[in-house]
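# Descriptive structure summary
Now for the letters of each chain:
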Amino acid sequence: MADQSFQKPTGTQDIHGRYQDYFWKIEKVSRAVSKQYNFEEIQTPLFENEELFIRSVGEATDIIQKEMYSFETKGGDKLVLRPEGTASVVRSYIENDFYKKPQPVKFYYIGPFFRYERPQRGRYRQFHQFGLEILGVKSAALDAQLIQALRSIFKELKLEVIFSINSLGDENCRPEYKKKLKKFLNKNKEDLCEDCQRRLKENPLRVLDCKEEECRKTIENAPQIVDHLCKACNKDFKEVLELLDELGLSYELDPFLVRGLDYYTNTVFEIFTEKEKLALGGGGRYDGLVEMLGGRETPACGGAVGIERVIEAMKKAKIKPEKEDKRVFLAQLGDSAKKRAFRLFEEFREAEIPVYETMGRDSLKSQMARADKVGAEFTLILGRQECIKNEIIIREMKTGKQETVSLDKVVEEIKERL
Ligand code: AMP
């Protein structure tokens, strides 16, 4: 016997059982809805070159400064486990010349992401996101469609959410705003937390993101970017909001919403649960990113949602994912019956009727107990006698009523009853 027992690394989870049902449900819905809005799935590697994220996410962000799982390979490559999805999709767009495809190119992804965060409730070091990205066309309609697609996913999950929205302007109007903001923050420097005093030097916009009470108070009186948008950005933002109004999509304007990452321009948004204001996800427009990573000038927008958070929100709202739909249990008694049961199981599977079984058990009693436990509606009992007569017993579990049918017809018979 080994004298060491292992535990999973801090901030990770083994996903199984009921939790896996939630996971599966969210994956199923986000895939189906993404496809309805004409997004195509993309899977990028779980690790990428470190530089990709440093350049895109921004050096002054927590992700780059504190949270990346970086490692050097034996060959000397500096890689990281991906902390977010957009940079990889953009890298792929450039590398595969996707600009040659009809534009916009629309991708969705689902998978694990990694951030070395302080472990706390709702924060994992390996977590999962689904995300949507639209590249190649600049239009307020696409910002609105992105938000609408995300809303449809939540609607399908029966989760009440609120979108917070803001515009960050572009390279024409943002620098002027940043200057004004910096001036204001410098004046109120003593009221900012230590982190924000540093952020102020690196990127004053990030101060608006701070969750510290003292900073929140100071920020309340700060100049707002929406009052400093240039004509084009103002028009664009208005158009996005008008389209959302047209769709009947409720949102809240948050003049201090900036999102954590450097690459956003114009529309940014975050998604919260209606009651507890639990942050589920967010996104926005990132028109400069493709160029920043070495591609040609390409407008784009995207958003991502944390699956573990959505599960937490569903649990709080008492929304339960349906169980896998299995209603039949196959029990067998004796060697010949077991052999025949193996074949019968395949017949059911091919007819796409999922069937429970415990082929490893021989006692009928324990098999029946199992059938009870999993809540089977019908149990099929195949014993020695039945095998000889080419028959099988169907037991209706609720009433205890039993009848014998021909083995050759049992699949059809069950199909009719389900
Ligand atoms: P972000 O990429 O930081 O904008 O995060 C988007 C969403 O991913 C958040 O709203 C969370 O739902 C989820 N998320 C981000 N980081 C974590 C984490 N460490 N653990 C669990 N979920 C996370």
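Scroll up to find the structure.
What comes next is a walk through the structure.

Calculation rules
- Residues numbered from 1 in each chain as written.
- Predicted model: local features only at pLDDT ≥ 70, side-chain atom pairs only at ≥ 80, totals over all residues.
- Heavy atoms only, no water.
- Axes fitted to C-alpha atoms, helices over the stretch in contact; angles between N-to-C directions.
- Helix = DSSP H or I, 4+ residues; strand = E, 2+ residues; numbered from the N terminus.
- Parallel < 35°, antiparallel > 145°, perpendicular 65-115°, else oblique.
- Left-handed = near helix turned anticlockwise from the far one by under 90°.
- Contact = heavy atoms within 4.5 Å.
- Nonpolar A, V, L, I, M, F, W, Y, C, P; charged D, E, K, R; others polar.
- Near = heavy atom within 4 Å.
- Polar contact = N/O pair within 3.5 Å; in protein donor to acceptor, adjacent residues only side chain to side chain.
- Areas by Shrake-Rupley, 256 points an atom, 1.4 Å probe, with all protein chains shown as cover.
- Pairing = 2+ DSSP bridges.
- Patch = residues over 30% accessible without salt bridge, like charges linked within 9 Å, V, L, I, M, F, W, Y side chains within 5 Å.
- Salt bridge = Lys/Arg side-chain N within 4 Å of Asp/Glu carboxyl O.
- Buried < 20%, exposed > 50% of the residue type's maximum accessible area, 1.4 Å probe, protein only.
- Phe/Tyr/Trp six-rings, centres within 6.5 Å; stacked < 30°, edge-to-face > 60°.
- Lys NZ or Arg CZ within 6 Å of the ring centre and 35° of its normal.

### Let's talk about the packing of helix 5 (residues 140–156) against helix 9 (residues 231–246)
- It is the contact of helix 5 with helix 9, at a shortest axis distance of 8 Å, that shows an interaxial angle of 40°. The pairing of helix 5 with helix 9 is recorded here as oblique in orientation. The way helix 5 lies across helix 9 gives a crossing that is right-handed. Of the residues in helix 9, those in contact with Ala140, Ala141, Asp143, Ala144 and Ile147 of helix 5 are Asp236, Glu239, Val240, Leu243 and Leu244.
- Across the contact of helix 5 with helix 9, the residue classes tally to 7 nonpolar, no polar and 3 charged.

### Description of the site of the ligand
- Contacts to the ligand come from 13 residues, most closely from Arg115, Glu117, Tyr124, Arg259 and Leu280.
- Glutamine 129 is positioned such that a nitrogen or oxygen atom in its side chain is 2.9 Å from an oxygen atom of the ligand.
- A distance of 3.4 Å separates an oxygen atom of the ligand from a polar backbone atom of glycine 306.
- Protein chains shield 89% of the accessible area of the ligand, which is 480 Å² for the free molecule.
- Secondary-structure elements contributing two or more residues to the shell around the ligand are strand 6 (126–135) and strand 10 (279–285).
- Of the residues forming the shell around the ligand, the biggest block, 3 residues, is contributed by strand 10.
- Across the shell around the ligand, the residue classes break down as 4 nonpolar, 4 polar and 5 charged.

### Some words on the sheet that holds strand 14 (residues 378–382)
- In space, the 5 strands of this open sheet follow the order 13-12-14-15-16, with mixed pairing throughout. Every interior strand has two partners, whereas the edge strands, strand 13 (355–357) and strand 16 (402–406), have only one. Sheet twist, expressed as the mean angle between neighbouring strand axes with direction ignored, is 30°.
- By the bridge criterion, 5 bridges tie strand 15 (residues 391–396) to strand 16 in an arrangement that is antiparallel. Considered in strand 16, the bridge of arginine 395 is made with glutamine 402.

### Some remarks on a nonpolar patch on the surface
- Residues Leu46, Phe47 and Phe71 make up a contiguous nonpolar surface patch of about 260 Å² in total accessible area.
- Of note, phenylalanine 47 is situated in strand 2 (residues 47–49).
- For phenylalanine 47, a relative accessible area of 44% translates into the label partly exposed.

### Side note on the packing of aromatic side chains
- If you walk through the whole model with that rule in mind, you get 9 aromatic pairs.
- Seen in terms of ring centroids, phenylalanine 163 and phenylalanine 269 are 6.1 Å apart; in terms of plane orientation they differ by 50°. Their pairing is tilted. Here phenylalanine 163 is found in strand 7 (residues 161–167), whereas its partner phenylalanine 269 is found in strand 9 (residues 265–273), with 106 residues between them in sequence. Judged on exposure class, the residue phenylalanine 163 and its partner phenylalanine 269 are both buried.
- The cationic tip of arginine 125 hangs over the ring face of tyrosine 116; the distance from NZ or CZ to the ring centre is 4.0 Å.
- Directly above the aromatic system of tyrosine 99 lies the positively charged group of arginine 296, at a separation of 3.8 Å from the ring centroid.

### Description of the pattern of salt bridges
- Tallied over the full model, the rule gives 29 salt bridges.
- Between glutamate 27 and arginine 31 there is a salt bridge, and its shortest N-O distance comes to 3.1 Å. Here arginine 31 and glutamate 27 lie together in helix 1 (residues 17–36), a separation of 4 residues that amounts to about one turn.
- Look at glutamate 27 and you get partly exposed, because its relative accessible area is 23%.
- Given a relative accessible area of 24%, arginine 31 falls into the partly exposed group.
- Salt-bridge contacts for glutamate 176 lead to lysine 179; the nearest nitrogen and oxygen are separated by 3.9 Å. With glutamate 176 and lysine 179 both in helix 6 (residues 174–187), this residue pair falls 3 residues apart, about one helical turn.

### A look at the pairing of strand 10
- Buried residues dominate strand 10, accounting for 6 of its 7 residues.
- As defined by bridge partners, strand 9 adjoins strand 10 across 6 bridges and the pair is classed as antiparallel. If you follow valine 268 over to strand 10, its bridge partner there is glycine 284.
- Taken together, strand 9 and the strand that follows it, strand 10, pair antiparallel across an intervening segment of 5 residues, in which lysine 277 is found at a positive phi of about 60°.
- In this structure, strand 10 lies alongside strand 11 (residues 300–306), joined through 5 bridges in antiparallel fashion. Within strand 11, the position partnered with glycine 284 by the bridge is glycine 302.

### Brief notes about the sheet that holds strand 4 (residues 78–81)
- Pairing within the open sheet is antiparallel, and its 3 strands lie in the order 2-4-3. The outermost strands of the open sheet, each flanked by one partner alone, are strand 2 and strand 3 (69–72). Direction aside, neighbouring strands of the sheet carry axes that sit 35° apart on average.
- In the sheet, strand 3 pairs with strand 4 via 4 bridges, with the strands oriented antiparallel. Bridge pairing in strand 4 links tyrosine 69 to leucine 81.
- The sheet contacts of helix 2 (residues 50–57) involve strand 2, strand 3 and strand 4, and relative to strand 2 the element is tilted by about 75°.

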